[in-house]
Amino acid sequence: MSDLIRSTAAELAAKIASREVSAVEVAQAHLDRIAEVDGSVKAFLHVDAEGALAAARRVDEDVAAGNAPASPLAGVPLALKDVFTTEGVPTTCGSKMLEGWRPPYDATVTRRLKEAGVVILGKTNMDEFAMGSSTENSAYGPTRNPWDLDRIPGGSGGGSSASLAAFEAPLAIGTDTGGSIRQPGSVTGTVGVKPTYGGVSRYGLVAFSSSLDQAGPCARTVLDAALLHEIIAGHDPLDSTSVDAPVPPVVAAAREGANGDLTGVRVGVVTQFSGEGYQPGVLRSFEAAVAQLKQLGAEIVEVSCPSFDYALPAYYLIAPSEASSNLARFDAMRYGLRVGDDGTRSAEEVMSLTREAGFGAEVKRRIMIGTYALSSGYYDAYYGSAQKVRTLISRDFESAFATVDVLVSPTTPTTAFRIGERTGDPMAMYKADLCTIPANLAGNAAMSVPSGLSDEDGLPVGLQIMAPALQDHRMYRVAAAYEAARDAALGHTVISQVPQLEGAAR
Ligand code: GLN
């Protein structure tokens, strides 16, 4: 495997800036890797080789002209979840509904990446409209986990995280409504961050559940995630829920954390996230991670957040309710698929035929649940109650953060499950997000950092670290300290143990 594809984003940026290597060479090495292994992994829905090489050439021209780099990640390749609009480049959201759609504009995240000189390699696979935990709900087939090609890479952003684990890209972007960045990060042995709600613009992000959706960075190291975080974050007048506050200093925190001292940091272990349904190997890995934090000087306390037990049912009312409204825009009239428009049918019939053909089973299930929960006579009992639970969850976080700096838990109850194992059982699928959903409901920051491999099945496990809103830097500091200690204890990085997939068939 070429050294270039094994490098971190920070290393690549430094080599490009010092002309040790060109951005074009770096982009080409990753495009070659994609050509070599993506037939097996299927992380990408669309590879934009031409666009990537053109962007890389612009960075090289800039460097040759002696200009300062556009950003600390100028010239570094990235895989973009297909939920973000990209001008002129196909954007499907994993759905037949948007097959062939080339958006006329860039999402704010896309635009900021381009302005930073980040090289977008292509668009990654995802569960349709970001609804799922395995990428199996994609209309274009599942992505496979590079650790074991018979297993899921998590979801909904399985393509983004799998591309990192397969060394197809050193950086990726995901979105996290209930766990779709953190859970794929956990099961692929990579880092995934859900910033504070409103920390990264939602403009041009195809909406699933607007009060929960949050874009964030995916990477193989905590520092790389922090560098990417600072590029995409910050106020955007085009998103009414964007926070108008300084971006939390996550890069400085990641660098500080790497020094490895957590003296004085209070870490709360959430007592709700263990017991039945949790794989013993996941719990053992979590306990070892907590012991490591303690060794670094952190003070460990147990914290009970009783309302977290109701987070999953509340989420599965709120998210589908918002989705049923958001997805009304796919009406066969404005863009995307149109079925049965032969001049004999009414607009209503065409709309109905299109939605029947264009949406997959899980999306239809959510639209029906959401429509029901919002209907008169049921609104108070379902949507109203869920909103009350949401408030209780926020209060649990508030009282926890009155005594601790960060909270920790396993990211997801099990390691990567087998493709097909949970497709017939929606509840089993939904449980993958048991530990991640509270942070979405409350809007605070949370991330997953690899905590090694489970001693049962040799598959990656993730440590979740949660911080109060706009205190994203706190979790980066803890994550970076933990990552350094973990690697020192193991004698290597977690990701270095992933199968090489060398010469995997296309
Ligand atoms: N798995 C959760 C769901 O299906 C979360 C999805 C997400 O974060 N986009 O809704």
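Conventions we followed
- Residues numbered from 1 in each chain as written.
- Predicted model: local features only at pLDDT ≥ 70, side-chain atom pairs only at ≥ 80, totals over all residues.
- Heavy atoms only, no water.
- Near = heavy atom within 4 Å.
- Polar contact = N/O pair within 3.5 Å; in protein donor to acceptor, adjacent residues only side chain to side chain.
- Nonpolar A, V, L, I, M, F, W, Y, C, P; charged D, E, K, R; others polar.
- Phe/Tyr/Trp six-rings, centres within 6.5 Å; stacked < 30°, edge-to-face > 60°.
- Helix = DSSP H or I, 4+ residues; strand = E, 2+ residues; numbered from the N terminus.
- Buried < 20%, exposed > 50% of the residue type's maximum accessible area, 1.4 Å probe, protein only.
- Lys NZ or Arg CZ within 6 Å of the ring centre and 35° of its normal.
- Axes fitted to C-alpha atoms, helices over the stretch in contact; angles between N-to-C directions.
- Parallel < 35°, antiparallel > 145°, perpendicular 65-115°, else oblique.
- Left-handed = near helix turned anticlockwise from the far one by under 90°.
- Contact = heavy atoms within 4.5 Å.

Visitor: Lay out the site of the ligand with the relevant residues and their values.
Guide: Within the structure, the ligand sits among 15 residues, and Gly178, Ser180, Tyr315, Arg366 and Asp433 are positioned closest to it. Between the ligand and alanine 130 there is a distance of 2.8 Å, counted from a nitrogen atom to a backbone nitrogen or oxygen. Here serine 156 contributes a side-chain N or O atom positioned 3.5 Å from a nitrogen atom of the ligand. Tallied by class, the residues present in the shell around the ligand amount to 5 nonpolar, 7 polar and 3 charged.

Visitor: Got a sec to walk through the packing of aromatic side chains? Specific residues and values, please.
Guide: Following the criterion strictly, the structure yields 15 aromatic pairs and no others. Geometrically, the ring pair formed by phenylalanine 129 and phenylalanine 330 is tilted, given 4.9 Å between the ring centres and 45° between the ring planes. Here the residue phenylalanine 129 occupies a position in the loop between strand E3 (119–124) and helix H6 (158–165), and phenylalanine 330 occupies one in the loop between helix H11 (311–326) and helix H12 (347–358), the gap between them amounting to 201 residues. When its relative accessible area of 2% is taken as the criterion, phenylalanine 129 is described as buried. Of the aromatic side chains, those joined through ring pairs into one cluster are Trp101, Phe129, Phe330, Tyr335 and Phe359. Seen from the ring of phenylalanine 167, arginine 6 lies directly overhead, with NZ or CZ sitting 5.1 Å from the centre. Directly above the ring of phenylalanine 417 sits arginine 422, whose terminal nitrogen or CZ lies 3.9 Å from the centroid.

Visitor: Tell me what's going on with the packing of helix H9 (residues 250–257) against helix H17 (residues 472–490), and back it up with residues and numbers.
Guide: Axis separation between H9 and H17 bottoms out at 7 Å; the angle between their running directions is 30°. With respect to H17, the element H9 is oriented roughly parallel. Seen from above, H9 lies across H17 with right-handed handedness. Where H9 abuts H17, its residues Val250, Ala253, Ala254, Glu256 and Gly257 lie against Asp472, His473, Tyr476, Arg477, Ala480 and Ala481. Residue composition of the contact of H9 with H17, grouped by class: 6 nonpolar, 2 polar and 3 charged.

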